[in-house]
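Understanding the architecture of this molecule
In case you want the letters, here they are:
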Amino acid sequence: MTGTIQNREVFLNKIASQLGRTRITAPIERPTWKFRPQDEVLKGATQDELVEVLKEQCKKIHTTFYSTDKDQLSSLLDEVVSGYGGGPIVTWKDKRFADWGLDPLMKQEWPEKEMDVYEWDYTRGSENIAKAEQANVGITISEITLAESGTVVLFSDENKGRTVSFLPTTYIALIPKSSIVPRMTQAAQKMRQIHEETGHVASCINFITGPSNSADIELNLVVGVHGPVKATYIVINDL
Amino acid sequence: MRVSLFATCLVDLFQSNVGKATVELLERLGCEIDFPESQVCCGQPAYNSGYTKESKEAMKRMIDTFKDAEYIVCPSGSCAFMFHEYQHVFKGDPVWEPKAKKLAQKTYELTQFIVDVLKVEDVGARLEGKATYHTSCHMTRLLGVKEAPMKLLKNVKGLDFTELPGKEQCCGFGGTFSVKMAQISEQMVDEKVCHVEETDADYLIGADAGCLMNIGGRIDRKGKPIKVLHIAEVLNSR
Amino acid sequence: MPMKISNEQFKERVSKGIHDDFMRGAVSSAQDGMGVKRRIAAEELGNWEDWRSHGEEIRQHVLENLDYYLEQLSNNVAKRGGHVFFAQTKEEANDYIRGIVREKQAKKIVKSKSMVTEEISLNHVLEQEGCEVIETDLGEYILQIDDHDPPSHIVVPALHKNKEQIRDVFTEKLGYTKTSKPEELAAHAREKLRQEYLTADIGITGCNFAVAETGSFSLVTNEGNADLVTALPKTQITVMGMERIVPTFEEMEVLVSLLTRSAVGQKLTSYITVLTGPKEELNVDGPEEFHLVIVDNGRSNILGGEFQSVLQCIRCAACVNACPVYRHVGGHSYGSIYAGPIGAVLSPLLGGYDEFKELPYASSLCGACTEVCPVKIPLHNLLLKHREVIVEKEGKAPISEKLAMKAFGLGAASPTLYKIGSKLAPTAMSPFKDGDKISKGPGPLKAWTEIREFPAPNKERFRDWFKNREEGGK
Ligand code: SF4
């Protein structure tokens, strides 16, 4: 379904005439910029160094940082969730949870402890949002992780609801170590690459850096405003 | 080395001490000073008020006055900057733009000239007392002279130097701003005076006659026991 | 709220500002704190000047080719099923949005912070339609429930209010019963606003940067409110100033980095949301319908002229935080929703010289704004340009000043006149002298001497001393 465009020609003609020329019709190649300072940040850092940078940055963004191996992931996640007061929990529907050995925890242990675990299911429509809204913990996986800023990047789709990361009271991001890149630059390049290869862009790409916060009242930092009030990152070393 | 002095109108009319100190200092450093008689005002007051047309005449006059100079030295960052600004004012003018460019190339603020051209950082000055320094906006931000005054002051014997809190903040002079927006300017200069007082300094030193007239005038009005000195006077004291 | 926020004269507003002690304390500590954070965030990169130059080259390239990129953007938005409306005036923008509101029979609208919707007075229009409009940025929310108090800072709109005042407003308007602790106040707002998001019919956002190549746009917040505004209501309307666009994600990234570092000294803010079109078919959250309204409202008149560079602005407020004038008079003194140096440059361009002619003079031309601007807008030069236009084209300068400057032109340009004038100065000034100073000056000196002493002219001008010395052989 294509959308509509209204009023465009007069509008753009005015711009062109103000700029003292006719409308540009031939495609413009993306310019070769004179400056590229963004490439210098954490240039040549190893994956281990990037993990260290991420860990340091977490202190500044009020985010708890853990790193673990895949075989310890389940028990660590359980611990973090209990620390946050347990369920209700909402997660994406994502095969990787099973691949990483989390099924027993998510599908058995937690339900047995009478913790409500809800897995995103688009066939159930707006119930998903109600579940996310009532959840105490939201769990997602970071597709790209930015060491410099301590940012996880999430791409939405039908199984990866946007609201899982910001409606619950607390938020946990699982971060494969291999997903860590120096900074937003690499994420932007990846986004363009995906678009070039598939012709598609996720309708929502979220760059999340710690819990939500505000300094709007006398510039006092309040952590936890509209989104989560607490956040934890778990880096998985052998992924 | 032959140096043509661009004294500025404030120094010529109100602060001849500063001019005298500049001459004596430069002579001691081996320069031969020349004062082109036909110099007038650099045009800044009119230019900064939006009267570009009116100020152009003064600018042309100054360009002509200094056309044969080898080095032009000015004891005021703001006025020295104005000479650098002429080339933009005359941009596109086939006659005056090249002349203005030449003028800019040979114009230096006093401390910049001593440090960058004469390559001197210790002028052998001595002044006893506690001092702080006001970094004028035009000199630091627009002309880009930040280090030179500090290098020179550091070597003044007997001077106990404290950095001015909020030093990068404007003192509220801004030429006609000080009278046009007097209400706001007053708040700005008051904060500056407070900061100067916090340092407990005996001397407030600066390199721009305009700022010093502003801060000094307020210090005087408030009856504070702080002496305001131009950096030329400090470097010329022994 | 229209662009103009006050009918008082400039001097009265300034005077009010100067006497508002809380506001001044808040503003100066905000400037000091944010200034330091910005500087650290800039300097830790080690090549900040290259970043600024990169920001500048991107913005300049976009402005030079703006029609092209807007065309590309609109095609790509439409391809994704979004509707694009180009509004040359604020009336056109408001009419279009009103049309959507009527069609949807919308009752409740949630908004995330947007300067351009303030500029076109959108809230007023929506309220006239009988809608309940809720600002969700905490600062904006506070102002809104306090009977639409105008914002005083682009990034921290309620900077002029203290927590006790906020508590009182909450108590009166929301039945709040707790203390003035920011945490408790924020928690209350969170609770109230949650319900609003979930029940709103339309979400309205601004736009930090649109991305032409993919038809996307980004929203930058710390609170996460923009995410909720765009995830929950069924209809989303995004309003953007026509210049807020970049070619691709890669340039978006650079400008977002410049924005967050310059605005709040953060490497990135907590939420940067990149949205493309309405939600996809099987998605649950996200809007079913997406409208993009691209607003000119006077911007195109700035293109191609000597003020074009102001359109490079990314609304980071670094210039506001560095400005010594803003420091003492606060945001409301500017009488415009755009305060500080950027406001002083932009307001006369968008709102006319009649309304905002004093603003270009509310600057000592100290250059602090220009120094911090992450996209290298020569702000103080543009203020100077405004003065030139006011004097030369608009003819709005006072006659007395014009005469004085004419005389200046003559005097300064002519060595003879200068000499005569300056020689006479000590005599002319002598009636006002009090020792070596003048405490009650005449004419233009009066404003000076009300505040400070003015030096009496030297008896011997410097040039006379020099001449005598030369002649006397040292
Ligand atoms: S003018 Fe520059 S510093 Fe000021 S808000 Fe715009 S981008 Fe930021």
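Quick caveat: nothing in here was measured; it's all calculated off a predicted structure.

A tally of regular secondary structure across chain C gives 23 helices and 13 strands. Taken along its principal axes, the extent of the C-alpha atoms in chain C is 95 × 55 × 45 Å. Out of the 474 residues in chain C, the part that is buried amounts to 68%. Taking contacts inside chain C between residues at least 6 apart in sequence as the whole, the part at least 24 apart equals 73%. Approximately 16,100 Å² of chain C is accessible, and the part contributed by carbon and sulfur atoms is 50%. Averaging the coordinates of the 58 positive side-chain charges in chain C and doing the same for the 67 negative ones gives two points 7 Å apart.

Let us now look at the environment of C131(C). Residues and elements named next belong to chain C. On the secondary structure map, C131 appears in the loop between α7 (122-128) and β3 (132-135). In this structure C131 comes out as buried when scored by relative accessible area, which is 6%. Distance in space between the C-alpha atoms of C131 and T248 is 36 Å, their sequence separation being 117 residues.

This part covers the packing of aromatic side chains. Going through the model one piece at a time under the given rule, you end up with 22 aromatic pairs over all chains. Here F173(B) and W448(C) contribute two aromatic rings whose centre-to-centre distance is 6.1 Å and whose plane-to-plane angle is 85°, an arrangement assigned as edge-to-face. With one member in each of two chains, F173(B) in the loop between β6 (157-161) and α10 (177-180) and W448(C) in helix α22 (residues 445-449) form a pair that bridges those chains. Taken together, the aromatic side chains of F6(B), F66(B), F83(B) and Y86(B) make up a single cluster linked through ring pairs. Across the ring face of W96(B), the terminal group of K99(B) is positioned such that the distance to the ring centre comes to 4.4 Å. Just above the ring of F209(C) sits the side chain of R244(C); from NZ or CZ to the centre is 5.9 Å.

The next point concerns the interface of chain B and chain C. Frequently, the measure chosen for interface size is the accessible area that the parts lose on association. Between chain B and chain C, the contact holds 69 residues from the first and 70 residues from the second. Of the roughly 5,900 Å² buried between chain B and chain C on both sides combined, carbon and sulfur atoms contribute 60%. On inspection of chain B and its partner chain C, the count reaches 6 salt bridges. Here E453(C) and R221(B) are joined by a salt bridge, their closest N and O atoms 2.7 Å apart. On the surface where chain B and chain C come into contact, there are 21 residue pairs in polar contact (both at pLDDT 80 or more).

On to the interface of chain C and chain A, then. Counting residues at the interface gives 110 residues for chain C and 93 residues for chain A. Of all residues in chain C, D67(C), R190(C) and E250(C) bury the most surface against chain A, accounting for 8% of the area lost on that side. Summed over the shared surface of chain C and chain A, the result is 64 residue pairs in polar contact (both at pLDDT 80 or more). Ranked by residue count, the leading element in the side of chain C that touches chain A is helix α4 (residues 66-79) of chain C, at 10 residues.

Glancing now at the sheet that holds strand β8 (residues 170-176) of chain A. Residue and element names in this part refer to chain A. Across the sheet, which stays open at both edges, the 6 strands sit in the order β2-β13-β8-β5-β3-β4 with parallel pairing between neighbours. In this open sheet, the two edge strands, each paired with only one partner strand, are β2 (63-68) and β4 (117-119). Within this sheet the neighbouring strands show an average axis-to-axis angle of 20°, counted without direction. Two elements, strand β5 (residues 137-141) and β8, share 5 bridges in a ladder whose sense is parallel. By the bridge assignment, I139 is partnered in β8 with I172. Strand contacts of helix α5 (residues 103-112): β3 (89-91), β4 and β5, with the helix running at about 150° to β4, the strand carrying the most contacts.

What follows concerns the pairing of strand β6 (residues 216-221) of chain C. Residues and elements named next belong to chain C. Judged by how many residues are buried, β6 sits mostly within the fold: 6 of 6 residues are covered. Of the two faces of β6, the one holding S216, S218 and V220 and the one holding F217, L219 and T221 are both buried throughout. For strand β5 (residues 209-211) and β6, the ladder comprises 3 bridges, and the chain directions are antiparallel. Bridge pairing in β6 links A210 to F217.

Quick look at the site of the ligand now. Close to the ligand lie 13 residues, the nearest being C313(C), C316(C), A317(C), C319(C) and C373(C). For the shell around the ligand, the class distribution of residues is 12 nonpolar, no polar and 1 charged.

Another point: the arrangement of the chains. The interface with the highest contact count, out of 2 pairs of chains in contact, is the one between chains A and C. Here chain A and chain B are not in contact; the least distance found between their C-alpha atoms is 19 Å.

With that settled, the discussion passes to the side chain of S203(A). For S203(A), the location among the structural elements is in the loop between α7 (184-198) and β10 (204-208). Overall, the relative accessible area of 0% leaves S203(A) in the buried class. Not counting residues within four places of it along the chain, the set of residues in contact with S203(A) comprises S156(A), R162(A), R80(C), V274(C), L275(C), T276(C), P278(C), K279(C), E280(C) and N283(C).

This next bit is on the sheet that holds strand β1 (residues 2-5) of chain B. Residues and elements named next belong to chain B. The sheet built from 4 strands is open, its strands ordered β2-β1-β3-β4 with parallel pairing. The sheet is open, and its two borders are formed by β2 (32-34) and β4 (107-109), each paired with just one other strand. On average, each strand axis in the sheet is tilted by 35° relative to the strand beside it, whichever way the strands run. Note that β1 and β2 share 3 bridges and pair parallel. Counterpart to V3 in the pairing with β2 is I33.

Moving on to the side chain of Q57(A). Following the sequence through the fold, Q57(A) ends up in helix α2 (residues 47-60). Of the residues examined, Q57(A) reaches a relative accessible area of 7% and is grouped as buried. Here the side chain of Q57(A) touches K267(C) through a polar contact of 3.0 Å, side chain to side chain. Beyond its immediate sequence surroundings of up to four residues, Q57(A) is in contact with A147(A), E148(A), S149(A), G150(A) and K267(C).

Residue and element names in this part refer to chain B. Contact geometry of helix α5 (residues 77-89) with helix α6 (residues 96-105) gives a least axis separation of 8 Å together with a crossing angle of 155°. When the axes of α5 and α6 are compared, the pair comes out roughly antiparallel. In the packing of α5 onto α6, the handedness of the crossing is left-handed. On α6, the residues touching F83, H84, Y86 and Q87 of α5 are E97, A100, K101, L103 and A104. Considering only residue class, the contact of α5 with α6 consists of 5 nonpolar, 2 polar and 2 charged.

Our next topic: the environment of E253(C). Take E253(C): it is sitting in helix α12 (residues 249-264). Taking C-alpha positions, E253(C) is 28 Å from L159(C), a pair spaced 94 residues apart along the chain. Residues within four places of E253(C) in sequence aside, it is in contact with Q38(A), R183(A), M184(A), T185(A) and A188(A). Among the polar contacts listed, one links the side chain of E253(C) to the side chain of R183(A), at a separation of 2.4 Å.

Describing two packed helices takes the angle between their axes plus the distance from one axis to the other. Two elements in contact, helix α11 (residues 182-199) of chain B and helix α1 (residues 10-18) of chain C, have axes whose closest approach is 10 Å; the angle formed by their N-to-C orientations is 25°. One way to sum up the angle between α11(B) and α1(C) is to call them roughly parallel. With respect to the hand of their crossing, α11(B) and α1(C) are arranged in left-handed fashion. Each of Q183(B), I184(B) and Q187(B) in α11(B) lies in contact with α1(C), whose residues at this interface are K11(C), V14(C), S15(C) and I18(C). Here the contact of α11(B) with α1(C) is composed, by residue class, of 3 nonpolar, 3 polar and 1 charged.

Okay, unusual backbone geometry next. Geometrically, the link from G87(A) to P88(A) is a cis peptide bond, its omega value of -5° lying close to zero. Residue position: P88(A) is located in the loop between α3 (70-83) and β3. Unusually for a residue other than glycine, K119(B) sits at a positive phi of about 60°. Along the chain, the position of K119(B) falls in the loop between α7 (110-117) and β5 (126-134).

Calculation notes
- Residues numbered from 1 in each chain as written.
- Chains lettered and ligands numbered in written order.
- Predicted model: local features only at pLDDT ≥ 70, side-chain atom pairs only at ≥ 80, totals over all residues.
- Heavy atoms only, no water.
- Helix = DSSP H or I, 4+ residues; strand = E, 2+ residues; numbered from the N terminus.
- Buried < 20%, exposed > 50% of the residue type's maximum accessible area, 1.4 Å probe, protein only.
- Contact = heavy atoms within 4.5 Å.
- Areas by Shrake-Rupley, 256 points an atom, 1.4 Å probe, with all protein chains shown as cover.
- Lys, Arg positive; Asp, Glu negative; His and termini not counted.
- Charge placed at Lys NZ, Arg CZ, Asp CG, Glu CD.
- Phe/Tyr/Trp six-rings, centres within 6.5 Å; stacked < 30°, edge-to-face > 60°.
- Lys NZ or Arg CZ within 6 Å of the ring centre and 35° of its normal.
- Buried area = accessible area lost by both parts, 1.4 Å probe.
- Salt bridge = Lys/Arg side-chain N within 4 Å of Asp/Glu carboxyl O.
- Polar contact = N/O pair within 3.5 Å; in protein donor to acceptor, adjacent residues only side chain to side chain.
- Pairing = 2+ DSSP bridges.
- Axes fitted to C-alpha atoms, helices over the stretch in contact; angles between N-to-C directions.
- Near = heavy atom within 4 Å.
- Nonpolar A, V, L, I, M, F, W, Y, C, P; charged D, E, K, R; others polar.
- Parallel < 35°, antiparallel > 145°, perpendicular 65-115°, else oblique.
- Left-handed = near helix turned anticlockwise from the far one by under 90°.

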